[in-house]
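So you can see what is in the structure, the chains are spelled out below.
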Amino acid sequence: MVAELPDAMSSEKTSIRDVVELDDLLSEPTDATVLSLGQLEGDIIVLGVAGKMGPTLARMAKRASEEACVKRRLIGVSRFSSPGLELQLREWGIETVGCDLLDRKSLAALPEAANVVYMAGMKFGSTGQESLTWAMNSYLPGLVSERYCKSRIAVFSTGNVYGLVPVSQGGSREEDSLNPVGEYALS
């Protein structure tokens with residue numbers, strides 16, 4: 001059951017019922033997103049779509065394109081180690097392609113797209129897999145840049161190359177010295 005705020009704001013929810021409602025809320029495009037994707041030309045391919053942010057971003061792009069009345073392909077690419085996610089993406093109208101991006105032949109066979117959202121990377125589980133972490137985070141971006149050299153590429157990364165700073169000091173700033181910790185930040 002969803003709790004409601006007092007009468008003046010009774011249409012606003014104070015809690016989220018379930019994961020489905022959360023997915024709906026997180027993937028709801030803003031007016032600015034609809035406007036931007038309405039002006040964007042070409043198909044969109046999301047590399048690394050099965051990560052923590054990929055499904056929501058792909059769904060938002062699909063919803064914004066539809067609201068803007070723009071017909072385009074939205075293609076999600078991943079190894080898809082979780083089969084339920086691939087099915088969910090398809091149900092949302094997102095084409096899926098299973099691919100090991102480090103395999104040059106598989107990468108070359110991916111569909112053309114004017115717009116690439118690069119979200120592939122090894123963020124978790126790098127201990128004991130340092131060479132794969134470096135391949136995914138340092139080598140793969142070059143392969144993708146070659147493959148999609150005529151496309152617009154937006155790159156997402158959550159790496160923290162700054163050292164840990166106490167909250168009381170306001171957090172890291174760009175002028176801080178670099179101090180990456182761990183293979184993900186180093187790669």
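Rules and cut-offs
- Residues numbered from 1 in each chain as written.
- Predicted model: local features only at pLDDT ≥ 70, side-chain atom pairs only at ≥ 80, totals over all residues.
- Heavy atoms only, no water.
- Salt bridge = Lys/Arg side-chain N within 4 Å of Asp/Glu carboxyl O.
- Helix = DSSP H or I, 4+ residues; strand = E, 2+ residues; numbered from the N terminus.
- Buried < 20%, exposed > 50% of the residue type's maximum accessible area, 1.4 Å probe, protein only.
- Phe/Tyr/Trp six-rings, centres within 6.5 Å; stacked < 30°, edge-to-face > 60°.
- Lys NZ or Arg CZ within 6 Å of the ring centre and 35° of its normal.
- Pairing = 2+ DSSP bridges.
- Axes fitted to C-alpha atoms, helices over the stretch in contact; angles between N-to-C directions.

## Overview of the pattern of salt bridges
And step 1. For the coordinates displayed, the defined rule picks out 8 salt bridges.
And step 2. E146 is the salt-bridge partner of R104, the closest N and O atoms lying 3.7 Å from each other. Here E146 lies in helix α6 (residues 130–147) and R104 lies in helix α5 (residues 104–108), a separation of 42 residues in the sequence.
And step 3. Judged by relative accessible area, R104 falls into the partly exposed class, the value being 47%.
And step 4. Salt-bridge contacts for R147 lead to E112; the nearest nitrogen and oxygen are separated by 3.2 Å. Of the two residues, R147 is situated in helix α6 and E112 in the loop between α5 and β4 (115–118); the sequence distance between them amounts to 35 residues.

## What about the packing of aromatic side chains?
And step 1. Summed over all chains, the structure comprises 0 aromatic pairs.
And step 2. Stacked on the ring of Y148, the Lys or Arg R147 has its end atom at 4.2 Å from the ring centre.

## Focus: the sheet that holds strand β3 (residues 95–98)
And step 1. Ordered by their spatial adjacency, 5 strands build an open sheet running β3-β2-β1-β4-β5, and the pairing between neighbours is parallel. Either end of the sheet is taken by a strand with one partner, and the two such strands are β3 and β5 (152–155). With direction set aside, neighbouring strand axes in the sheet form an average angle of 20 degrees.
And step 2. Across 4 bridges, the pairing between strand β1 (residues 44–47) and β4 is parallel. Note on β4: the bridge partner recorded for I44 is N115.

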